[in-house]
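A look at the structure
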Amino acid sequence: PTPTQVYAPRGVRLGDDVLVVADSGNHRVLIWRGVPQVDGAAADVVLGQPDFYSEGEKLLRLPTGVGIFEGKLFVADAWHHRILVWDSLPSQNNQPPDWVIGQADLSGVTENRGGAVNANSFYWPYGIGYLNGDFYVADTGNRRVMLWHGLPKPNQPADLIIGQDGPTSGAENRGTGVGANTFRWPHAFASDGRMVYVADAGNHRVLGWRTPISDRPADVVLGQPDFESASEFAYVKQGPSKMRFPYALAYEHGLLAVSDTANNRVLFWHDNIAQGLATQGCFAPAHAVIGQPDFGANGENRWQAVDYDTLCWPYGIHLHNGQLAVADSGNNRVMIWRLTCV
């Protein structure tokens, strides 16, 4: 590891004057003060390691989702089954977190706090979001979404659980099969204020609920022809309506972006998303694509060479001020596009 290199990054957050990356394979988080304007820019701060050249599991074990909400930094420390919180954006290397969500204290690292699944525990929490004043966690290993009204406090149980029959359940697709209110691997969130979208990666789809969200059947599905389907559509031309393992979502100013990870592309839906998807129903086609030459292609780096317009397993995305940041995990890099014509 160095200040300029990453290994299989899975999470990214772009701000006015900061870039935060979950450098997952190196078990660390990198922070750039100011959005990089040139290739190969060196990070300013490293978390989870004593310096930029150290590696191995220490504070972090496969960090994934990252977010800056109300000035606080949140990091999904997935394989330690917790969310770490810094009360302000760290300015020093290896700065310790201030508190934790999902464990009794900062020393806890076992799934479900070492016991059974409950309203205050995680099993592989991969994604986080702060939407419409609610804090979301994709509790992936427990096949559910957890929600707090406002930012949670230490040891505060979730206010709402979506995708399971209760706080002590964690079965895949509720144990009943794929449906409009089930998850296999929930991973990420986005919202336009009227709809909340959840990337259900393991079922190869995105589900959407009209707000306020609750544990009820979703109103919209993208990537599948109906709510009971979970086809991978491998080895076929994908088109604008299919997905394979969508791991990340982002929304800004009428544009919904979906990281269609196993198809090595990012898809975009725009123009009045909430009403448009509701009227078109399931399988609504995307309007634009990056990472591939057209909607039919899905090859890693276009089955050619790594370039400025290719992707290989993009795991994380974020939209901010007309820019799209992509954690291009398979290519061990983070990319930034200025979107002008999607």
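A brief look at the structure comes next. (Residues numbered from 1 in each chain as written. Predicted model: local features only at pLDDT ≥ 70, side-chain atom pairs only at ≥ 80, totals over all residues. Heavy atoms only, no water.)

**Overview of the overall build of the chain**
Tallying secondary structure elements over the chain gives one helix and 23 strands in all. Whereas a compact globule of 342 residues would reach a radius of gyration of roughly 20 Å, the chain reaches 19 Å, a difference of no more than 12%. Dimensions of the chain along its principal axes, counting C-alpha atoms only, are 50 × 45 × 30 Å. Sorting the 342 residues of the chain into buried and exposed places 58% on the buried side. Within the chain, residue pairs in contact and separated by at least 24 positions form 46% of the contacts whose partners lie at least 6 positions apart. When the accessible surface of the chain is split by element, carbon and sulfur atoms take 50% of a total near 13000 Å². (Helix = DSSP H or I, 4+ residues; strand = E, 2+ residues; numbered from the N terminus. Rg over C-alpha atoms; globule rule 2.2 N^0.38 Å. Buried < 20%, exposed > 50% of the residue type's maximum accessible area, 1.4 Å probe, protein only. Contact = heavy atoms within 4.5 Å. Areas by Shrake-Rupley, 256 points an atom, 1.4 Å probe, with all protein chains shown as cover.)

**Notes on the sheet that holds strand β1 (residues 11-14)**
Strand order in the open sheet formed by four strands is β1-β2-β3-β4, with antiparallel pairing between adjacent strands. Looking at which strands have only one partner, the edges of the open sheet turn out to be β1 and β4 (45-47). Put simply, the sheet's adjacent strands are angled 15 degrees from each other on average, direction ignored. The pairing of β1 with strand β2 (residues 18-23) spans four bridges and is classified as antiparallel. In the sheet register, R13 faces β2, and the bridge partner there is V20. (Pairing = 2+ DSSP bridges. Axes fitted to C-alpha atoms, helices over the stretch in contact; angles between N-to-C directions.)

**Re the pairing of strand β19 (residues 265-270)**
For β19, the tally of buried residues reaches five of six residues, placing the bulk of the element in the interior. Summarising the sheet, strand β18 (residues 255-260) and β19 pair through six bridges and their orientation is antiparallel. Of the residues in β19, the one forming a bridge with L256 is W269. Hairpin remark: β18 followed by β19, antiparallel, with four residues in the connecting loop; positive phi at N264, about 55 degrees.

**Description of the packing of aromatic side chains**
In this structure the tally under the stated criterion is 13 aromatic pairs. Ring centres 6.1 Å apart and planes at 55 degrees place the aromatic pair F183 and W209 in the tilted group. Of this pair, F183 sits in the loop between β12 (160-162) and β13 (186-191) while W209 sits in strand β15 (residues 205-210), and the two are 26 residues apart along the sequence. Taking the relative accessible area as the measure of exposure, F183 reaches 1% and is therefore buried. Under the relative-accessibility criterion, W209 is labelled buried at 0%. Ring plane angle 45 degrees and centroid distance 4.6 Å describe the contact between Y247 and Y315, whose orientation is recorded as tilted. Within this pair, whereas Y247 is found in strand β17 (residues 246-252), its partner Y315 is found in strand β21 (residues 314-320), the two being separated by 68 residues in sequence. Y247 sits in the buried class, given a relative accessible area of 11%. Residue class for Y315 comes out buried when judged on its relative accessible area of 14%. Connected via pairs of aromatic rings, a cluster forms that spans F69, F74, F122, Y130, F135 and W148. Of note, R10 hangs over the ring of Y315, and the distance from its end group to the ring centre comes to 4.1 Å. (Phe/Tyr/Trp six-rings, centres within 6.5 Å; stacked < 30°, edge-to-face > 60°. Lys NZ or Arg CZ within 6 Å of the ring centre and 35° of its normal.)

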